[in-house]
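Secondary and tertiary structure notes
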Amino acid sequence: MAQRNKSDVDEELTEQFNWYDYARLARYIKPYMKKIYQILIVIILANVAGMLGPYFTKITIDSIIPNKNLSGLWLIGILFTLSLFFIGWCMRYRIYHITELGQDVLKDMRLDIFQHLQKLSFSYFDSRPHGKILIRVVNYINTLSDLLSNGLVNLISDIFNVVITLIFMFAINAKLTLYSLALIPILIVMVMVIQSKQRRAYQTLSNKQSNLNAYIHESIAGIKVTQSFAREQENFRIFDETNEDNRRTWMHAVKIQFLLWPGVQNISVITMCLIYFVGIRQIGVEVSTGTLIAFIGYVNNFWNPVINIGNFYNSLITATAYLERIFETLDEKPEIVDHPGAKPLPQIEGNITFKDVTFRYEPGKDILKDVNFHVDHGQSVALVGPTGAGKTTVINLLSRFYDVNEGEVSIDGHNVQDVTLASLRRQMGVMLQDTFIFSGTIMENIRYGKLDATDEEVVAAAKVVRADDFISELKNGYDTVVEERGSTLSAGQRQLIAFARVLLADPRILILDEATSSIDTRTEELLQSGLLALLEGRTSFIIAHRLSTIKNCDQIFYVDGGKIAEHGTHDELMAARGLYYKLYQSQYDMLRLAHD
Amino acid sequence: MSNFQWIWQYVKTNRNKLWVAVIFFLISTALILINPYVMGQIVDQVIDGHQDNLLIPLLLLMIGVTVVRTITRYIYQLIFEQTGQNALFDLREDMYRKLQELDFDFFNHTRVGDIMTRMTGDTDAIRHFISWVSYQVLECVFYFVVSIIVMMTISWQLTLALVAVTPLIFILTRLMAKAQHPVFFQIRQSFSRLNSMVEENISGNRVVKAFVREDFEIKKFNEHNEDYKQRNMDAANVSKTYLPWQDGTANSLSVIALIFGGYLVIKGQMTLGDLVVFNGYLWMLNQPMRMSGWLINDVERFSASCVKIRQMLAAKPSIEVQLGQKPLRVQGKIVFDHVSFNFSDDPEHPVLSDVSFAAQAGQTVGIIGETGSGKTTLVNLIGRFYDPTSGTVMIDDKNAREYPIRQLRDNIAMVMQDVFLFSNTISDNISFGRPDLDSEYVESVARVADADNFIMKMPNGYDTIVGERGVGLSGGQKQRISLARALAKDPSILILDDTTSAVDMETETKIQHELDGLTTKRTTFIIANRISSVRDADLILLLEKGHVVESGTHEELMAKQGKYYEVFQKQLGLEKGEQVGTTE
């Protein structure tokens with residue numbers, strides 16, 4: 001496994017933004033092209049209506065007022081007002097549809113990245129702080145909002161304006177037009193220089209923002225530890241640094257970003273001066289005064305959209321720093337995927353075979369080596385052995401959370417790599433070491449195991465695992481709302497809820513990974529009978545330290561050093577007087593010691 | 001206090017710089033008026049008047065004005081940006097500090113995603129307000145005032161006619177603000193829900209995968225995603241209702257100027273030239289009126305974000321944090337005197353009832369009892385994570401309430417039931433409570449916790465970075481690192497809450513022996529389900545539904561043949577099953 005990332009380390013960018021990414025961005029916009037055209041038509045209509053204003057003013061001043069034509073004045077007033085109503089209507093249309101356009105594009109992107117996250121394997125989530133993933137799905141995408149709504153539509157209409165104006169300019173006077181384009185190369189060079197610096201600055205900034213998010217996230221999630229260790233001061237110091245990093249990189253980025261506007265503005269004014277300079281000398285030669293003044297007007301019309309396009313480019317560069325992170329996430333390859341031609345796993349019985357299985361996270365360090373075993377359907381298997389021996393790895397390979405490096409894991413003769421993931425995992429119930437409780441009611445949490453379960457089914461499952469006892473004592477019973485991770489419940493209570501959840505899923509293969517470690521004796525005793533019912537007819541793997549849970553299993557595997565060092569029933573292993581016997585004796589001794 | 005007064009507290013430290021910014025702003029904005037005038041001069045003097053020698057100076061003036069204008073604008077923009085960043089910086093620091101002070105109660109009832117939203121999205125809305133909205137408002141006010149003054153000098157009648165429209169703009173702005181207010185709050189809430197949902201999905205990714213609930217999660221996400229869009233559309237709906245009217249009213253100034261102005265000219269009360277000049281200034285009056293509606297949206301977004309931030313900053317932890325006292329060392333004598341406790345939101349269910357016991361400094365107290373019987377709550381009272389509802393907890397013969405909590409907690413190390421490790425190196429995790437520890441010490445405590453062995457086997461040893469919360473490590477490994485972390489703090493009171501549930505008994509014994517061997521005397525609380533974990537304790541408490549039903553040493557309790565004895569027999573039976581008879 002690659003070195004994990006932490007909150008104070010910038011994440012390296014694995015792929016640089018390139019033109020292909022703009023094409024990718026365009027793909028999000030494509031479904032809405034029709035809408036964009038409609039908006040553009042409305043904008044053009046509004047612009048045309050907007051031109052009426054100056055026209056009305058012109059005729060009023062040129063003819064109506066000199067002629068003291070009062071009724072003409074009123075007529076103009078009415079027409080003018082009507083044009084305003086039309087402009088108002090256009091604006092109404094535009095506000096709504098542009099917002100919708102932006103929101104739709106963002107929604108699609110957000111959904112894409114979220115859907116993609118669901119496909120990614122454990123290792124993706126395990127190898128970086130969660131705050132850094134979160135910021136990509138939520139905050140980064142939101143930064144694109146303006147760019148993809150107003151920015152985009154304005155860009156198109158600005159480009160349109162620039163082209164039209166250029167055509168007019170050429171039509172009036174080609175020479176002056178060329179002069180007015182004389183500084184464009186300088187503009188381009190300036191934009192290039194600024195953009196490359198700005199890009200780097202925003203890349204740094206987005207990294208620092210991500211670090212800050214990660215640190216805040218971890219600080220909140222681990223607040224109980226922080227408070228109990230009275231480590232607030234030290235945390236505050238780290239936060240302060242991260243916060244300062246953000247402020248500094250932000251200021252650095254805007255210092256560069258803000259340069260663009262003055263640059264474009266000055267170039268545009270210099271161009272204007274150039275036209276005056278050249279134009280006035282040529283008055284009477286090639287140009288008339290009227291032409292010059294009209295031309296100057298067009299130069300203005302030309303530069304305004306150019307400045308806008310510059311601003312758009314500016315925000316695009318800013319957004320790029322976020323976009324590349326978003327696309328990077330979308331390009332993250334899930335390690336575990338359905339192989340081409342994978343078929344759904346049919347209803348299984350639960351015969352499991354490990355054949356010469358070797359697994360490693362990194363070369364040279366085998367976690368499991370040449371593991372072979374077979375378990376018949378309906379059997380229960382206990383995995384025992386020292387911490388870190390590979391017990392959890394065995395079950396992770398079975399449910400294909402990881403893929404074997406060598407060998408084969410098969411269920412009912414189907415290699416787990418040849419079937420679809422969903423069909424495989426749907427027939428397995430895994431109860432993990434970390435019991436995760438979602439915020440919501442207890443009922444909803446148990447129902448997570450089987451989404452269409454009725455309330456009665458949920459309660460029945462809770463009863464089997466003895467969770468009903470404590471749940472019914474809560475003020476709101478099953479409707480009690482628990483917060484994320486169930487922080488108001490005790491660890492044992494959470495394990496019981498997780499238990500009920502698995503039971504409700506009614507899997508063919510059941511995996512319990514230290515599922516009962518936090519449950520007290522009385523509950524455990526009560527649970528035993530429920531557990532037996534639960535195990536009945538299913539193939540089950542149990543990782544536990546309590547021998548009480550272990551010894552009734554049909555088979556016991558003693559895992560040590562990546563191998564199954566011993567296997568057999570409790571009696572067989574006891575008779576063999578090996579590692580298991582030693583383990584059992586030591587526990588037994590401790591109990592007897594307590595008894596004495 | 002209004003939101004503006006409140007945020008001013010964060011802005012006012014930049015007052016001096018802001019004055020500079022305002023001056024630059026005035027220069028820059030005033031200069032906008034120059035170039036159109038210069039251009040007019042070029043037409044009048046140079047083109048029409050043929051004073052060709054004036055051309056170059058006028059052109060240079062234009063360039064000069066633009067240079068000054070763009071530089072001053074660049075500077076004031078940066079100052080506003082810096083002010084926004086400074087305020088943001090201070091605000092975040094205050095929020096983070098508050099976060100560290102708030103008690104468990106707050107965190108038990110507030111979703112992580114919601115706090116994240118406050119510290120990121122909400123603070124950003126405030127930054128935007130300070131860095132951008134503020135000078136936009138300034139610009140509007142400036143244009144408005146200047147244009148009215150200039151127009152007044154041209155024609156007061158016409159100006160008054162135009163100003164007569166302003167109340168309409170004002171009313172529209174007010175109405176829109178009122179309509180947007182709840183909408184922006186809803187957007188903010190929806191965003192927070194979206195954030196929380198994704199946050200939970202990421203944290204719970206293992207469960208999602210284990211139950212193949214990806215589609216369900218996507219569906220859930222889609223609902224939040226759609227809701228967020230809809231809330232934004234609500235705002236667009238309000239905007240589309242008011243903004244066109246506002247814009248139309250602003251545009252109507254042109255109509256009024258033209259028609260009423262034209263009327264005045266026809267009636268001979270104004271010259272045509274004046275009307276043309278008047279018209280030239282119209283955009284300055286127009287602009288602020290048009291902008292006001294858009295700015296209202298920003299202001300409302302700002303207000304919606306203020307609410308949640310101020311709420312958090314105003315939250316009072318029920319146990320107050322006093323800062324700045326000297327460190328103090330407690331011995332570790334703990335006495336519970338008729339202690340009862342219930343959570344404030346659930347007074348009918350006492351978690352602890354009338355608990356009394358005494359532990360001398362250096363003694364070990366074992367606590368056993370069923371799931372939910374109040375074991376963890378009991379030890380939480382020692383570190384003042386909660387204060388008892390009635391009765392007193394005495395530490396070194398002094399009421400625990402009299403200890404400043406951070407100084408008190410400095411003496412306590414807890415190994416919690418939910419082990420939380422930070423995404424950092426193992427070594428940094430162990431030295432969490434004492435960041436200045438050297439690596440030798442870290443390794444020595446890791447040995448005591450029987451963690452050294454497996455840590456050394458890891459690819460990068462102590463420099464291995466663990467995933468957030470410690471993912472990737474087994475339960476037993478996490479517990480042992482967490483134990484090492486507690487030991488590294490060298491506390492006078494050590495609390496082990498179900499610390500060894502995920503390690504095998506052999507390792508547990510080893511750890512217990514190592515713990516006994518440590519020279520420092522410390523009061524130790526051990527919460528466990530297995531009797532083997534507590535049997536050597538000086539005092540064992542058996543809790544049942546918040547009551548201490550039995551207490552004493554292992555021997556005493558065994559002799560009593562009561563509930564403890566029963567539990568022990570059960571465990572023995574559970575561990576050995578039907579073979580009890582045959583092996584003995």
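As recorded in an unreviewed UniProt entry, chain B goes by the name ABC transporter ATP-binding protein, listed as coming from Lapidilactobacillus mulanensis. The UniProt entry for chain B carries the following comment under Subcellular location (unreviewed entry): "Cell membrane".

The name given to chain A in an unreviewed UniProt entry is ABC transporter ATP-binding protein, with the source organism recorded as Lapidilactobacillus mulanensis. UniProt lists a comment for chain A under the heading Subcellular location (unreviewed entry), and it reads "Cell membrane".

Let's shift gears to the overall build of chain A. Regarding its fold elements, chain A presents 22 helices and 12 strands. Expressed along its principal axes, the backbone C-alpha trace of chain A runs to roughly 120 × 55 × 55 Å. Evaluated residue by residue, chain A yields a buried proportion of 61% over its 596 residues. Counting contacts in chain A only where the partners sit at least 6 residues apart, residues at least 24 apart contribute 77% of the total. Of the accessible surface of chain A, which amounts to about 23500 Å², a share of 57% is contributed by carbon and sulfur atoms. Charged side chains in chain A number 57 positive and 65 negative. The centres of these two groups are separated by 8 Å.

For B:V448, the location among the structural elements is in helix α15 (residues 439-448). Separated by 122 residues in sequence, B:V448 and B:K326 place their C-alpha atoms 30 Å apart.

With that settled, consider the domain arrangement of chain B. Residue and element names in this part refer to chain B. Entries for chain B in the domain assignment read domain 1 (1-101), domain 2 (120-314) and domain 3 (325-411 + 539-577). Each of domain 1 and domain 2 was reduced to a C-alpha centroid, and the two centroids are 21 Å apart. Across the contact, 30 residues belong to domain 1 and 23 residues belong to domain 2. Counting each side, the surface lost to burial between domain 1 and domain 2 is near 2400 Å², with a carbon and sulfur contribution of 77%. Counting across the domain 1 and domain 2 interface gives one salt bridge. For the salt bridge of E81 with R127, the shortest nitrogen-to-oxygen distance reads 3.5 Å. For the pair domain 1 and domain 2, the number of links is five residue pairs in polar contact (both at pLDDT 80 or more). Elements that contribute at least two residues to the side of domain 1 that touches domain 2 include exactly α1 (3-11), α2 (15-31) and α4 (55-101). Tallied by class, the residues present in the side of domain 1 that touches domain 2 amount to 19 nonpolar, seven polar and four charged.

Glancing now at the packing of aromatic side chains. Residues and elements named next belong to chain B. One pass over the structure, following the stated rule, counts 47 aromatic pairs over all chains. Ring geometry for F336 against F357: centres 4.7 Å apart, planes inclined by 20°, an arrangement best described as stacked. Placement of the pair is F336 in strand β1 (residues 334-341) and F357 in strand β2 (residues 352-359), with a sequence separation of 21 residues. A relative accessible area of 2% means that F336 is categorised as buried. Here the aromatic rings of F343 and Y386 are separated by 5.3 Å at their centres, their planes lie at 85°, and the arrangement is edge-to-face.

Residue and element names in this part refer to chain A. Residues I44, V48, F160, I164 and F168 make up a contiguous nonpolar surface patch of about 420 Å² in total accessible area. With three residues, the single largest contributor to the nonpolar patch is helix α6 (residues 145-172). On the secondary structure map, V48 appears in helix α2 (residues 33-64).

Contacts between the two partners involve 166 residues from chain A, matched on the other side by 180 residues from chain B. Scanning the region where chain A abuts chain B turns up six salt bridges. Across the pair B:E226 and A:K107 runs a salt bridge, and its minimum N-O distance is 2.4 Å. Seen at the junction of chain A and chain B, the total is 33 residue pairs in polar contact (both at pLDDT 80 or more). For the side of chain A that touches chain B, the residue count by class is 75 nonpolar, 52 polar and 39 charged.

So, on to the packing of helix α6 (residues 112-154) of chain B against helix α8 (residues 166-203) of chain B. Residues and elements named next belong to chain B. α8 packs onto α6 with a crossing angle of 155° between their chain directions and a minimal axis gap of 9 Å. Here α6 lies roughly antiparallel to α8, going by the angle between them. In terms of crossing hand, the pair formed by α6 and α8 is right-handed. Taken together, the residues of α8 that come into contact with α6 (itself represented by V112, G113, D114, M116, T117, R118, G121, D122 and F144) are T166, R188, F191, S192, N195, S196 and E199. The class makeup of the residues in the contact of α6 with α8 is four nonpolar, seven polar and five charged.

In terms of nonpolar packing, the biggest core is built from 166 residues, with A:M109, A:Y276, B:W6, B:I42, B:M62 and B:I126 touching the most fellow members. Those residues in contact with B:I42, other than ones at most four positions away along the chain, are A:Y276, A:I280, B:I47, B:L55, B:L58, B:L59 and B:M62. Counting residues in each nonpolar core, the second largest holds 90 residues, with A:L383, A:L432, A:F470 and A:I509 among its members.

Attention now moves to the pairing of strand β10 (residues 547-552) of chain B. The side chains of a regular strand alternate between both faces of the sheet. All names here are of chain B. For strand β9 (residues 539-544) and β10, the ladder comprises five bridges, and the chain directions are antiparallel. The residue bridging L543 from the neighbouring strand is V548, located in β10. The antiparallel hairpin formed by β9 and β10 contains two residues in its connecting segment, where K545 sits at a positive phi of about 45°.

Here is what the cut-offs are and how they apply
Residues numbered from 1 in each chain as written. Chains lettered and ligands numbered in written order. Predicted model: local features only at pLDDT ≥ 70, side-chain atom pairs only at ≥ 80, totals over all residues. Heavy atoms only, no water. UniProt positions renumbered as here; feature names shortened; annotations may be inferred. Helix = DSSP H or I, 4+ residues; strand = E, 2+ residues; numbered from the N terminus. Buried < 20%, exposed > 50% of the residue type's maximum accessible area, 1.4 Å probe, protein only. Contact = heavy atoms within 4.5 Å. Areas by Shrake-Rupley, 256 points an atom, 1.4 Å probe, with all protein chains shown as cover. Lys, Arg positive; Asp, Glu negative; His and termini not counted. Charge placed at Lys NZ, Arg CZ, Asp CG, Glu CD. Domains from an automatic or database assignment. Buried area = accessible area lost by both parts, 1.4 Å probe. Salt bridge = Lys/Arg side-chain N within 4 Å of Asp/Glu carboxyl O. Polar contact = N/O pair within 3.5 Å; in protein donor to acceptor, adjacent residues only side chain to side chain. Nonpolar A, V, L, I, M, F, W, Y, C, P; charged D, E, K, R; others polar. Phe/Tyr/Trp six-rings, centres within 6.5 Å; stacked < 30°, edge-to-face > 60°. Patch = residues over 30% accessible without salt bridge, like charges linked within 9 Å, V, L, I, M, F, W, Y side chains within 5 Å. Axes fitted to C-alpha atoms, helices over the stretch in contact; angles between N-to-C directions. Parallel < 35°, antiparallel > 145°, perpendicular 65-115°, else oblique. Left-handed = near helix turned anticlockwise from the far one by under 90°. Core = buried A, V, L, I, M, F, W, Y, C linked by side-chain atoms within 4.5 Å. Pairing = 2+ DSSP bridges.

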